[in-house]
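Coordinate analysis (summary)
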Amino acid sequence: MNTLLFPVILAGGKGERFWPLSRKDRPKQFLSLDGSSRSLLQATADRLIELGGGWDSLWVITSSQIAEGVRQQLPDLPVENLLIESEGRDTAAAVAWTSLEIKQRYGEDAVIGFFPADHWIADQEAFAHTLNAATQLATSTAAIVTLGIKPTFPSTGYGYIEQGEKIGSFNELPAYHVNRFTEKPDRETAETFLSTERFSWNSGMFVFRAGVVLKELYTHAPEIIEPLEQHGPDIYPQLPKKSIDYALMEKTTLAYVLPVDFGWDDLGDWNAIERLLKTEDTPNVELATHVGLDTQGAIIYASNPEDVVVTIGLEDVVIVRDRNITLVVKKERTQEIKQILKILQSDSRFTDLL
């Protein structure tokens, strides 16, 4: 049985909640948001190529709109390992198509791992240790392994996984059967989850053998896998738009979770920058030239180092200056950036801003 891990980067997202820095021609995965010189996509590839044995084992699936940008960001990625979706149909279709391609090339026992392009990982060594454990579990069992992040606060922005019966340890990490997946809960429910110590955050990272996941897709999502196998990717625009969580993970009995702790963040909106970079001795997170008076709890970003942001008497706001746009929003309302984009999209004067 082949125990090599084939990592797949899911790089088709738009990252709209990081607008105006994230735009159609420069989506979130192409940005460096942690102060380093590497984009989120490049950083994800960096930590996966060693686990998979080099560039030949790494795969990326992305949209046609940004495929050329992916090639520029990852010039060492083999051309045949870049799958280009003609139209985004969410993660279930992406997982199904990639799994079919890897099975065809390497067989049904090939172990595949799926990883979003926009995650931040603090401890690379612990991450590698975890992926070795997940690969061992997927190799030895008909399992769809998900990585559950040990929660550090009662988040209402993440989905949760409840662990059931312990089925053993792999690479010294305990593994559990999944009792259930729960979508983003309210605050009270999240606090209850944390008090039980049975719940972890759903990271959206999965490991399984190609044959196992394809069999489960035939059982639970035939409307996606059957057209793909019969017609290939040309059928993509006609596939239903479903997440892999909804299409498969909430239905399968083969879901297992490894509760892990390697320092993780799903960089979903501008508030993630504060979680990564805020220090106790600074009142704000400043990725810009900023002159402030009585300003605290602010996140300030400017893409042009010559731009100066001046603030007076502000608290808990996000200020982003990029090209010809300045965004000012309360931190608690950054999720509503998507609504602004819909307004801009409906007005021909602003289509160049998207």
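Structural data are supplied above this passage.
Residues numbered from 1 in each chain as written. Predicted model: local features only at pLDDT ≥ 70, side-chain atom pairs only at ≥ 80, totals over all residues. Heavy atoms only, no water.

Once that is clear, we can look at the overall build of the protein chain. Along the protein chain, the regular secondary structure elements total 10 helices and 17 strands. Reported as C-alpha extents along the three principal axes, the dimensions of the protein chain are approximately 60 × 45 × 35 Å. Residue pairs at least 24 apart in sequence account for 66% of intrachain contacts in the protein chain once pairs closer than 6 positions are excluded. Total accessible area on the protein chain stands at roughly 16500 Å², and carbon and sulfur atoms take up 46% of it. Considering the protein chain, the positive charge centre built from 33 side chains and the negative charge centre built from 51 side chains are found 4 Å apart. (Helix = DSSP H or I, 4+ residues; strand = E, 2+ residues; numbered from the N terminus. Contact = heavy atoms within 4.5 Å. Areas by Shrake-Rupley, 256 points an atom, 1.4 Å probe, with all protein chains shown as cover. Lys, Arg positive; Asp, Glu negative; His and termini not counted. Charge placed at Lys NZ, Arg CZ, Asp CG, Glu CD.)

So, about the packing of helix α6 (residues 210–220) against helix α7 (residues 222–231). At a minimum axis distance of 6 Å, the contact between α6 and α7 shows a crossing angle of 115°. Mapping the contact onto sequence places L214, L217, Y218, T219 and H220 in α6 and P222, E223, I225, E226 and E229 in α7. (Axes fitted to C-alpha atoms, helices over the stretch in contact; angles between N-to-C directions.)

Position of V285 relative to the elements: it lies in strand β12 (residues 285–287). In this structure V285 comes out as buried when scored by relative accessible area, which is 4%. The spacing of V285 and I244 is 41 residues in sequence and 35 Å in space, taken between C-alpha atoms. Excluding residues within four positions of it along the chain, V285 makes contact with I273, E274, L277, K278, A298, I299 and I300. (Buried < 20%, exposed > 50% of the residue type's maximum accessible area, 1.4 Å probe, protein only.)

In this section: the nonpolar core. In globular proteins that are soluble, nonpolar side chains generally tend to be buried together. Ranked by internal contacts, the top residues of the largest apolar core, which has 45 residues, are I9, L258 and F262. Broken down by element, the residue count for this core peaks at 6 residues, all from helix α4 (residues 124–140). The next biggest cluster of nonpolar side chains, apart from the first, holds 42 residues, and it includes A210, V212, I235 and L248. (Core = buried A, V, L, I, M, F, W, Y, C linked by side-chain atoms within 4.5 Å.)

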